[in-house]
Amino acid sequence: MSDIIQLLPDHVANQIAAGEVVQRPASVVKELLENAIDAKATYIKLIIKEAGKTLIQVIDDGSGMSVTDARLSFERHATSKIKTAEDLFQLETKGFRGEALASIAAIAHVELKTKQEEDEVGTEIKIEGSEVTSQEVCVTPKGTSISVKNLFYNIPARRNFLKSNAVELRHIIDEFHRVAMAHSTIKFDMYHNGAEVFNLPSSNDRQRIVNIFGGKTNEKLVPVTEETDLVTIHGFVGKPQYAKRTRGEQFFFVNNRFIKSPYLNHAVNAAFEGLLKDKSHPSYFLYLTVDPISIDINIHPTKTEIKFEDEHALYAMLRSSIKHSLGQFNVAPVLDFDRDSSMDTPYEYKSKAVQTPTIEVDRSFNPFKDEKTSGGGSSSSDKGYTPFKKESAGSWENLYVGLDAEVTPTKTVENDFSSVEFESTEVTGSLFESDDKKIGHHTTYQLRKKYIVTTIKSGMVIVNQHRAHERIVYEELLRNITMASAVSQQLLFPLTLSFSKKEIALLETVKEQLENMGFVFAEQSLSEIEITAIPSVTSEKEVSLLLEQLIHDLENEVPDSGFSQTDLLARSIAKSIAVRTGVELAQEQQQYMVNSLFACTEPAITPDNKPTFITLTVDEIDKKF
Ligand code: ADP
Ligand code: MG
């Protein structure tokens with residue numbers, strides 16, 4: 001049998017390599033920007049058309065290339081950055097694999113113009129799908145300009161796989177931000193479809209962050225500094241009160257390279273322990289400098305993970321230096337950061353006035369003792385609780401007519417939740433009271449400030465308050481958006497919120513739907529929006545978080561069709577507005593919730609398909625006895 005192994009032609013090998021290096025326009029942007037930085041540029045200009053689908057151009061004033069180097073730069077494994085294997089462990093540059101330009105040239109139309117300081121004239125090379133189509137002498141300033149046109153022109157599958165322009169542009173801006181933040185002394189400009197998007201003068205790290213994320217960022221930053229043999233840490237963390245519900249602004253740079261590290265992220269969160277409201281995330285911009293020998297970045301070319309030699313020590317240092325900064329700048333009550341953090345008073349409690357704790361669990365309560373029962377009942381009325389509402393018949397009840405008299409709600413709850421203690425005297429009290437009174441009117445009970453329990457003909461229903469409300473609000477918002485029938489509430493004073501340019505651009509894409517929902521936007525600048533009216537279903541203090549969450553959701557999932565965009569919007573906002581677990585609901589609110597839920601088109605599930613309620617039939621209950 002003849003030999004069957006063949007060597008792949010170069011252009012095929014390059015195309016395969018390109019699959020790894022270039023996932024989308026943003027990957028090209030990253031490679032080109034990094035090359036410009038490696039070439040010691042002081043001014044880098046990024047020009048994008050159609051979110052990088054038709055043009056990505058990077059112009060730098062760096063070292064430039066000689067004629068030979070210009071030609072060689074497109075060869076695979078052609079790099080000026082390592083010569084020996086040892087060099088790999090001392091890398092100070094971004095690139096070293098010599099793969100990027102070869103890969104990009106394999107899947108696009110590339111034009112390179114470059115000139116070194118000492119040369120009279122420069123070199124211009126054009127390549128299409130790894131084929132050099134022309135090489136000429138040209139007049140060009142010192143430095144390099146690379147244009148990448150029609151990305152993936154010869155791989156239709158990849159081109160079709162690209163997301164909408166809004167999504168691809170966002171990825172590009174993310175890469176641009178990361179590189180620009182890691183090199184604040186370099187001047188950066190960015191243009192998209194002829195319009196300037198960013199203009200970042202040479203500055204320092206703090207100024208760079210402010211230039212990117214908007215003027216209000218400055219006052220939110222707390223500096224962090226630490227110098228040890230192992231690592232130099234500098235940068236900023238956001239003050240706890242500005243922590244966001246989404247993870248937007250979290251950046252680690254190691255030796256001026258953006259990295260992701262869940263482990264170090266954990267260290268930051270540990271430093272913020274007790275200072276943040278539930279589910280909020282601190283902002284951080286942290287620059288770590290370590291000996292290149294102590295890290296391993298020789299991994300997948302586009303990945304941003306990194307391996308540290310002494311992770312544990314790094315973790316401890318990061319955590320303590322941030323704790324120290326928060327303490328020093330008086331944003332944290334704890335200065336002594338060697339203490340066990342579990343002993344610390346959470347920050348949010350510090351500022352609160354002393355309150356007499358309310359007793360949540362009546363441990364002596366015995367549901368089978370009548371005396372105790374009435375005791376529970378009276379304590380509930382002490383607190384102004386309305387245990388029983390006669391006019392509770394709502395539309396949903398038509399689905400479940402009447403209540404079997406022999407079922408006592410007390411037993412029902414007791415048995416199904418045998419492991420669950422009754423929450424409060426109110427709940428138990430009202431349970432007994434309703435039992436005493438006329439059965440057939442549906443009283444609702446709130447359990448653990450999480451569930452609403454009520455009876456139906458066949459047994460009982462347990463409604464998850466947050467999920468139910470999510471469904472209710474979602475359907476209402478959808479109606480409002482599609483029919484533009486929302487009711488607004490005028491704000492006494494306009495609400496001014498600051499966002500980054502990227503975030504504002506994103507909100508812009510859903511402005512019409514937001515207006516249909518009841519938002520009225522007065523003015524909008526590059527970094528701020530002014531809101532004069534909000535949907536009546538929300539409150540003023542929710543708006544900022546709600547928009548933040550929306551931006552986050554839009555960023556992570558931007559469907560192209562109008563319908564699903566509306567759906568996403570309604571889902572995101574419903575999630576933000578829906579009443580949370582832990583919120584005590586008055587009797588009327590509980591009943592409103594149950595009635596509105598069963599009036600929904602699809603009451604059984606949340607917009608993202610989680611059950612909103614469960615039922616427990618008398619048969620099922622009987623079986624448990
Ligand atoms: P790597 O960056 O891994 O070395 P690349 O394919 O990105 O590989 O680039 C190949 C080589 O081309 C680089 O090593 C560098 O010598 C040269 N080069 C690329 N871009 C520039 C630029 N903007 N200015 C000067 N030289 C460049
Ligand atoms: Mg490179």
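Draft legend 1. Structural view of the pairing of strand 2 (residues 55-60). Among the six residues in strand 2, five count as buried, and that is most of the element. Pairing geometry for strand 1 (residues 43-49) and strand 2, over six bridges, is antiparallel. Bridge assignment links Lys 45 to a residue of strand 2, and that residue is Ile 59. What sits between the antiparallel neighbours strand 1 and strand 2 is a turn of five residues, in which Glu 50 has the positive phi angle 50 degrees. Where strand 2 and strand 6 (residues 143-149) come together, six bridges link them in antiparallel fashion. For Ile 56, the partnering residue across the bridge sits in strand 6 and is Val 148.

Draft legend 2. Geometry of the site of ligand 1. Around ligand 1, the surrounding shell holds 20 residues, and the nearest of these are Asn 35, Thr 79, Ser 80, Lys 81 and Gly 98. Between an oxygen atom of ligand 1 and a main-chain N or O atom of Ala 100, the distance comes to 3.3 Å. Within the backbone of Leu 101, one N or O atom sits 2.9 Å away from an oxygen atom of ligand 1. Compared with its free state, where it exposes 530 Å², ligand 1 has 92% of that area covered by protein. Every element with two or more residues in the shell around ligand 1 is listed here: helix 2 (25-38) and helix 4 (100-106).

Draft legend 3. Geometry of the pairing of strand 13 (residues 284-289). Here strand 13 lies mainly inside the structure; five of its six residues are buried. The pairing of strand 10 (residues 232-238) with strand 13 spans six bridges and is classified as antiparallel. Looking at strand 13, one finds that Gly 235 is bridged to Leu 286. Direction of pairing for strand 11 (residues 250-254) relative to strand 13: parallel, over a ladder of five bridges.

Draft legend 4. Just helix 6 (residues 165-182), in detail. Between its first and last C-alpha atoms helix 6 spans 26 Å; for 18 residues at 1.5 Å apiece the expected length is 26 Å, and the two agree. Counting buried residues in helix 6 gives 14 out of 18 residues, a clear majority hidden from the surface.

Draft legend 5. Spatial organisation of the confidence of the model for the protein. Averaged over the protein, the pLDDT score is 79; the fraction of residues at 70 or greater is 78%. Low pLDDT (under 50) marks residues 333-440, which in the prediction has 146 contacts with non-local residues, meaning those over four places away or in another chain.

Draft legend 6. Geometry of the sheet that holds strand 11. Taken in spatial order, the five strands make up an open sheet running 9-10-13-11-12, and their pairing is mixed. In this open sheet, the two strands that pair with only one neighbour each are strand 9 (221-227) and strand 12 (257-259). The average angle at which neighbouring strand axes cross in this sheet is 20 degrees, direction not considered. Across the sheet, helix 6 touches strand 11, strand 12 and strand 13, and the angle it forms with strand 11 is around 50 degrees.

Draft legend 7. Examining the environment of Val 618 more closely. With respect to the element layout, Val 618 can be found in helix 20 (residues 618-623). As for Val 618 and Lys 457, which are separated by 161 residues in sequence, their C-alpha atoms are 9.0 Å apart.

Draft legend 8. Local environment of the packing of aromatic side chains. According to the stated counting rule, one finds 13 aromatic pairs in the structure shown. Centroid distance Phe 213 to Phe 251: 5.9 Å. Interplanar angle 45 degrees. Geometry classified as tilted. Highlighted residues: Phe 213 in helix 7 (residues 205-213) and Phe 251 in strand 11, separated in sequence by 38 residues. Its relative accessible area of 8% is what places Phe 251 among the buried residues. Relative to Tyr 315, the ring of Tyr 263 lies with its centre 5.0 Å away and its plane at 45 degrees, an arrangement referred to as tilted. You can see Tyr 263 sitting in helix 8 (residues 262-271) and its partner Tyr 315 sitting in helix 9 (residues 311-328), a full 52 residues away along the chain. The residue whose ring lies beneath Lys 187 is Tyr 43, and the NZ or CZ to ring-centre distance is 4.7 Å.

Draft legend 9. Just the nonpolar core, in detail. Among the nonpolar cores identified, the biggest contains 60 residues, and Val 148, Phe 188 and Met 190 are the most heavily contacted of them. With eight residues, the single largest contributor to this core is helix 6. In this structure Met 190 touches Leu 46, Ile 48, Leu 169, Ile 172, Ile 173, Phe 176, Ala 195, Glu 196, Val 197 and Phe 198, once residues within four positions along its chain are discounted. Residues Leu 506, Leu 514, Phe 521 and Leu 554 belong to the second largest nonpolar core, which totals 31 residues.

So, how was this worked out
- Residues numbered from 1 in each chain as written.
- Chains lettered and ligands numbered in written order.
- Predicted model: local features only at pLDDT ≥ 70, side-chain atom pairs only at ≥ 80, totals over all residues.
- Heavy atoms only, no water.
- Buried < 20%, exposed > 50% of the residue type's maximum accessible area, 1.4 Å probe, protein only.
- Helix = DSSP H or I, 4+ residues; strand = E, 2+ residues; numbered from the N terminus.
- Pairing = 2+ DSSP bridges.
- Near = heavy atom within 4 Å.
- Polar contact = N/O pair within 3.5 Å; in protein donor to acceptor, adjacent residues only side chain to side chain.
- Areas by Shrake-Rupley, 256 points an atom, 1.4 Å probe, with all protein chains shown as cover.
- Expected span 1.5 Å × (residues − 1).
- pLDDT = per-residue confidence, 0-100.
- Contact = heavy atoms within 4.5 Å.
- Axes fitted to C-alpha atoms, helices over the stretch in contact; angles between N-to-C directions.
- Phe/Tyr/Trp six-rings, centres within 6.5 Å; stacked < 30°, edge-to-face > 60°.
- Lys NZ or Arg CZ within 6 Å of the ring centre and 35° of its normal.
- Core = buried A, V, L, I, M, F, W, Y, C linked by side-chain atoms within 4.5 Å.

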